[in-house]
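Structural description and commentary
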Amino acid sequence: MSDLLNKFLADNENKAFRMAQFATGNRDDALDIVQEAMIKLVKKYRQLPEQEWPPLFHRILQRQITDWYRSKSIRQKFFGWLPITSDEEADNVLDYIEDLSARTPEIHLLNEQAVEVLQVELQLLPLRQRQAFLLRCWQGLDTAQTAEAMGCSTGSVKTHYHRALTVLRNKLGETWP
């Protein structure tokens, strides 16, 4: 594997993990999803030019997340009557973000509360809106790259992103981007 591809994967690993964890709410599932996405990128697309990797990787990642939802719904449909026990609570993915502006305990507490509310509200968004929001706002992809990653038109991305922003602004206040 080339040094450029290794660097690309290392640079995108944490953000991809956070996105997957937002989607699944489970650290282990998120790690599996990111690992599978990286393996697929390396196996199938390592020979492509470097500038094509970001949208391909995000598209693979979004498909892995969608597949996870499908398999989860199938398991729930056929095995939903089985009791599910989990020793591990889902990690709060936003705890990993260092907040440099929190200088006082009061500000730190307010930021923690805001992050908790944001995480809850992101989980309540429909999948496509959450994908559009995370790819555009969190990953910083433009509309065309997001459309390629999601496998839809740029108009759909704009619609999903706008709806996500509208919901988040209504829930979190106008100070949200």
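First things first, this report covers the structure right here in the doc. Bear in mind the structure is a predicted one, so any value in this text is a computation, not a measurement. (Residues numbered from 1 in each chain as written. Predicted model: local features only at pLDDT ≥ 70, side-chain atom pairs only at ≥ 80, totals over all residues. Heavy atoms only, no water.)

1. What to know about the overall build of the protein chain
The secondary structure content of the protein chain amounts to 7 helices and 0 strands. Going from N to C terminus, the protein chain has its helices and strands arranged as α-α-α-α-α-α-α. With 177 residues in all, the protein chain has 33% of them scored as buried. Counting only contacts in the protein chain whose residues sit at least 6 apart along the sequence, the fraction spanning at least 24 positions is 66%. For the protein chain, the computed accessible surface area is about 11,000 Å², with 53% contributed by carbon and sulfur atoms. (Helix = DSSP H or I, 4+ residues; strand = E, 2+ residues; numbered from the N terminus. Buried < 20%, exposed > 50% of the residue type's maximum accessible area, 1.4 Å probe, protein only. Contact = heavy atoms within 4.5 Å. Areas by Shrake-Rupley, 256 points an atom, 1.4 Å probe, with all protein chains shown as cover.)

2. Focus: the packing of aromatic side chains
Summed over the entire model, instances satisfying the criterion amount to 3 aromatic pairs. Relative to Trp53, the ring of Phe8 has its centre 5.8 Å away and its plane inclined at 50 degrees; by these criteria the two rings are tilted. Placement of the pair is Phe8 in helix α1 (residues 3-24) and Trp53 in helix α3 (residues 53-79), with a sequence separation of 45 residues. Like Phe8, the residue Trp53 is buried in the burial classification. Geometrically, the ring pair formed by Phe133 and Tyr161 is stacked, given 6.4 Å between the ring centres and 25 degrees between the ring planes. (Phe/Tyr/Trp six-rings, centres within 6.5 Å; stacked < 30°, edge-to-face > 60°.)

3. Quick notes on empty space enclosed by the protein
Under the counting rule described, the total for this entry stands at 1 cavity of 30 Å³ or more. Space inside the largest cavity adds up to approximately 30 Å³. Contributing to the lining of the largest cavity are Met19, Ala23, Gln62, Ile65, Leu127, Arg130, Gln131 and Leu134. Mapped by element, the contributors of at least two residues to the lining of the largest cavity are α1, α3 and α5 (127-138). Broken down by element, the lining of the largest cavity gets its largest block of residues, 4 residues, from α5. (1 Å grid on protein atoms, 1.4 Å probe; cavity = no way out; pocket = protein on both sides within 12 Å on 5 of 7 lines; lining within 4 Å. Points joined across faces, edges and corners; volume = space filled by probe spheres on them.)

4. Here's the deal with the nonpolar core
One finds Leu41, Leu61, Leu122 and Phe133 to be the most contacted residues of the largest nonpolar core, which totals 39 residues. Contributions of two or more residues to this core are made by α1, α2 (27-45), α3, α4 (105-124), α5, α6 (143-150) and α7 (154-172). Looking at this core element by element, the count peaks at 9 residues for α1. Filtering out sequence-adjacent residues up to four positions away, Leu41 remains in contact with Leu5, Phe8, Leu9, Arg46, Trp53, Leu56, Phe57 and Ile60. (Core = buried A, V, L, I, M, F, W, Y, C linked by side-chain atoms within 4.5 Å.)

5. Considerations on the environment of Thr66
Take Thr66: it is sitting in helix α3. Expressed as a C-alpha distance, the spacing of Thr66 and Ala23, which sit 43 residues apart in the sequence, is 9.2 Å. If sequence neighbours within four positions are ignored, Thr66 has contacts with Leu127 and Gln131.

6. So, the pattern of salt bridges
Oppositely charged side chains may form a pair once their charged atoms are brought near each other. One pass over the full model with this rule turns up 1 salt bridge. Taking the shortest distance from any N to any O, the salt bridge between Asp11 and Lys7 comes out at 2.8 Å. Of this pair, Asp11 and Lys7 both sit in helix α1, 4 residues apart, roughly one helical turn. Classification of Asp11 by relative accessible area gives partly exposed; the value is 47%. (Salt bridge = Lys/Arg side-chain N within 4 Å of Asp/Glu carboxyl O.)

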